[in-house]
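Topology and contacts: notes
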Amino acid sequence: MTTVPVATDRTVTAQRRELGVFLRSRRERIRPDEVGFAPGGRRRTPGLRREEVALLAGVGVTWYTWLEQGRDINVSAQVLDAIATALRFDRQERNHLYRLAGLRLSPSQGVCTALPSSVQKTLDAVSPYPALVLNTRYDILAFNDAYCKVVLDLNEVPVEERNMLWLNFVSDDWMCSFVDAEMTKHHMVAAFRAASGEHVGEVLWQDLIQSLLNSSPYFAELWERYDVAAPSTRTKMLEIDGYGILRIEPVNLWLSQLGPTRATVYTALDDETERKLRQIVETPAAPGRAAGEFVR
């Protein structure tokens, strides 16, 4: 595994603090008996103790304690892997650990600031499948008319509110309802948490997080779980008045030349959903409605 040190900047202290909280949340979810420790004895916190994690990872208790406390200590890929193994991290959790510790598995990519017009043409071409383009902060950069007719009319949403997290946790203007809304929100927050590891202390990210915490108790509850995940490709079920249940499956197309930006296309999972999508999307729009405009 090759790692590239991340340049030190003013976000390091915040990242270290976030790293400590993340590690604490992960060890508290593991029962002692799951990793070979006796479950008995008085424990001040749920899950594993720091000294138990240190023992499992083969590192010093004092060093691990300092790591959880967010102290400025040297960490290596080898030690991080040992801690990740001890805490039974999956791939996303391991990558998140690396980001917070100031190491990356690969060089970072640039952030998309503008989309070529070909992206919008592609979104329009996949109709009747709803499609949109998102960055890692879940800002909506582009969308098609099918998305507006099936999921949410983004033409009616102010540009500054076109963020999937904000819309999922604060807005109530959806054209449909998600049958598995709670699971969808849980996974979205976990993916956002994973992406935020590279942006700790950045104003735009912190402003969004704080606005969501202030506006949505449910977001705050999920945020405090410190779960991390990759963007979902799980089947979703939408319910639309007059059409019933639509079963759709997201396909994520990574626009590598634009940095960590993806186009998500919601494809029909069965013939019935295909028929309903075409019926919804091909119904003439009300006068004055525009297709999903290109957002910069």
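I will try to describe carefully the structure that is included in this document. (Residues numbered from 1 in each chain as written. Predicted model: local features only at pLDDT ≥ 70, side-chain atom pairs only at ≥ 80, totals over all residues. Heavy atoms only, no water.)

With that settled, the discussion passes to the overall build of the protein. Helix and strand counts for the protein stand at 12 helices and 8 strands. Counting only residues that meet the buried cut, the protein has 48% of its 296 residues in that class. For the protein, the share of sequence-separated contacts (at least 6 apart) that also reach a separation of at least 24 residues comes to 61%. Here the protein displays about 14,900 Å² of accessible surface, and carbon together with sulfur accounts for 51% of that area. (Helix = DSSP H or I, 4+ residues; strand = E, 2+ residues; numbered from the N terminus. Buried < 20%, exposed > 50% of the residue type's maximum accessible area, 1.4 Å probe, protein only. Contact = heavy atoms within 4.5 Å. Areas by Shrake-Rupley, 256 points an atom, 1.4 Å probe, with all protein chains shown as cover.)

Scanning all chains against the criterion turns up 22 salt bridges. With a shortest N-O distance of 3.5 Å, arginine 31 and glutamate 34 are connected by a salt bridge. Using a relative accessible area of 47% as the deciding quantity, one classes arginine 31 as partly exposed. Among the ionic pairs, glutamate 68 bridges to arginine 50, the shortest N-O distance being 3.0 Å. Placement of glutamate 68 in helix H3 (residues 61-68) and of arginine 50 in helix H2 (residues 50-57) is noted, with a sequence separation of 18 residues between them. (Salt bridge = Lys/Arg side-chain N within 4 Å of Asp/Glu carboxyl O.)

The next thing to look at is the packing of H2 against helix H4 (residues 77-86). Between H2 and H4, the least distance of the axes is 8 Å, while the angle of their chain directions is 115°. As H2 runs across H4, the sense of the crossing is right-handed. The residues of H4 that touch H2, namely those facing Val53, Leu56 and Ala57, are Ala82, Ile83 and Ala86. A per-class count over the contact of H2 with H4 returns 6 nonpolar, no polar and no charged. (Axes fitted to C-alpha atoms, helices over the stretch in contact; angles between N-to-C directions. Left-handed = near helix turned anticlockwise from the far one by under 90°. Nonpolar A, V, L, I, M, F, W, Y, C, P; charged D, E, K, R; others polar.)

What follows deals with the pairing of strand S6 (residues 236-240). Residues Lys236, Leu238 and Ile240 point to one face of S6 and are all buried, whereas Met237 and Glu239, pointing to the other face, are not buried. In this structure, strand S5 (residues 177-178) lies alongside S6, joined through 2 bridges in antiparallel fashion. What sits directly across from serine 177, in S6, is glutamate 239. Note that S6 and strand S7 (residues 244-254) share 5 bridges and pair antiparallel. Looking across to S7, one finds that lysine 236 is bridged to isoleucine 248. Linking two consecutive strands that pair antiparallel, namely S6 and S7, is a turn of 3 residues; a positive phi of about 90° is found at glycine 242 within it. (Pairing = 2+ DSSP bridges.)

Right, let's talk about helix H5 (residues 91-101) for a bit. Most of H5 sits out of view: 9 of its 11 residues are buried. Where H5 begins, the capping side chain belongs to aspartate 90, and its oxygen is found 3.2 Å from the backbone nitrogen of glutamine 92. Just past H5, the residue glycine 102 takes up positive phi, approximately 90°. (Polar contact = N/O pair within 3.5 Å; in protein donor to acceptor, adjacent residues only side chain to side chain.)

Let us now look at the sheet that holds S7. Taken in spatial order, the 6 strands make up an open sheet running S4-S3-S8-S7-S6-S5, and their pairing is antiparallel. Two strands close off the open sheet at either side, each with one partner strand: strand S4 (140-143) and S5. Contacting S6, S7 and strand S8 (261-268), helix H12 (residues 271-282) crosses the sheet at an angle of about 85° to S7.

The amide bond that connects serine 127 to the next residue, proline 128, takes the cis arrangement and shows omega of 20°. The topology assignment puts proline 128 in the loop between helix H6 (117-125) and strand S3 (131-135). Phi at tyrosine 226 takes a positive value of approximately 60°, unusual for a residue other than glycine. Here tyrosine 226 is to be found in the loop between helix H11 (217-223) and S6.

Among the nonpolar cores identified, the biggest contains 41 residues, and Tyr147, Val151, Leu154, Met164, Leu165 and Phe192 are the most heavily contacted of them. The greatest single-element share of this core, amounting to 5 residues, is contributed by helix H9 (residues 181-196). Dropping the residues within four chain positions of it, leucine 165 is found in contact with Arg137, Tyr138, Met188, Val189, Phe192, Leu208, Leu212 and Phe219. Judged by nonpolar contacts, the second largest core, of 31 residues, contains Ala14, Phe37, Leu97 and Val228. (Core = buried A, V, L, I, M, F, W, Y, C linked by side-chain atoms within 4.5 Å.)

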